[in-house]
Amino acid sequence: MPTSPCRIAVAGTSGSGKTTWARRISARTGIPHVEVDALFHGPDWTPRPEFLDDVRAFLATDAWVCEYQHPTARPLISARADVVLWLDLPVRTVMRQVTARTLRRWWRKEELWNGNRQPHPFGSLDPDGNIVVWAWTSRHALDDLPERLTAEAPGTRLVRVRSHDEARRWVASLSPR
């Protein structure tokens, strides 16, 4: 791995802290961060038709930090990444985080992306309409990440952390640009 990777993707299940850690990496290194969900979600939670074009344009730059998410974008992201930081946190940690985040966003009526707001956290038990249920049902979605990265991008380094303390230490090891 280069001493200072310039293209960093942050992987993890929903609620693991991908965006939080991507922002921290960006703040530490000075490398621009783009939130992949902001590129994906249009008004009324509709997928933006320009999504993959926007992802490609962002990834074409020399340095970036983003989340490794959305199945159609993942191979594009990993193919350009120097390193993927994998937040492989305990399920109890992720579920606590995603529940607290969902409740906070809903209570504060926070705007997320393109005018969208957090739906009522107890309005649906359908994983497509409830991020907490989605986080639970998709909690094993990245179990095959080492094999997936080997197939998608053999030269991309995977850094697996199992706690926020490990993530903090890794981010602290990065050099500012």
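Heads up: the structure comes first, above all this text.
Residues numbered from 1 in each chain as written. Predicted model: local features only at pLDDT ≥ 70, side-chain atom pairs only at ≥ 80, totals over all residues. Heavy atoms only, no water.

## With respect to the overall build of the chain
Each helix and strand counted, the chain has 8 helices and 5 strands in total. In the chain, the succession of helices and strands from N to C terminus is β-α-β-α-α-β-α-β-α-α-α-β-α. Computed over C-alpha atoms, the radius of gyration of the chain comes to 16 Å, within 12% of the 16 Å expected from 2.2 N^0.38 for 177 residues, which places it in the range of a compact globule. The principal-axis extent of the C-alpha atoms belonging to the chain is close to 45 × 35 × 30 Å. Burial analysis of the chain (177 residues in total) assigns 45% to the buried set. Restricting the contact set of the chain to residue pairs at least 6 apart, pairs at least 24 apart contribute 69%. Carbon and sulfur atoms make up 55% of the accessible area of the chain, which totals about 9300 Å². (Helix = DSSP H or I, 4+ residues; strand = E, 2+ residues; numbered from the N terminus. Rg over C-alpha atoms; globule rule 2.2 N^0.38 Å. Buried < 20%, exposed > 50% of the residue type's maximum accessible area, 1.4 Å probe, protein only. Contact = heavy atoms within 4.5 Å. Areas by Shrake-Rupley, 256 points an atom, 1.4 Å probe, with all protein chains shown as cover.)

## Focus: the nonpolar core
One broad rule of soluble globular proteins: the nonpolar side chains tend to lie buried together. With 20 residues, the main nonpolar core has Trp64, Tyr68 and Ile77 as its most contacted residues. Taken together, the elements giving at least two residues each to this core come down to β1 (7-12), α2 (36-40), α3 (51-59), β3 (64-67), β4 (83-87) and α7 (145-152). Top contributing element to this core by residue count: α3, with 4 residues. If we skip the residues at most four places from it in the chain, tryptophan 64 touches Cys6, Arg7, Ile8, Ala9, Ile31, Pro32, Phe58, Leu59, Ile77, Arg80 and Ala81. Ala22, Leu89, Val171 and Leu174 belong to the second-largest nonpolar core, a separate cluster that totals 19 residues. (Core = buried A, V, L, I, M, F, W, Y, C linked by side-chain atoms within 4.5 Å.)

The analysis is restricted to geometry; functional conclusions fall outside its scope.
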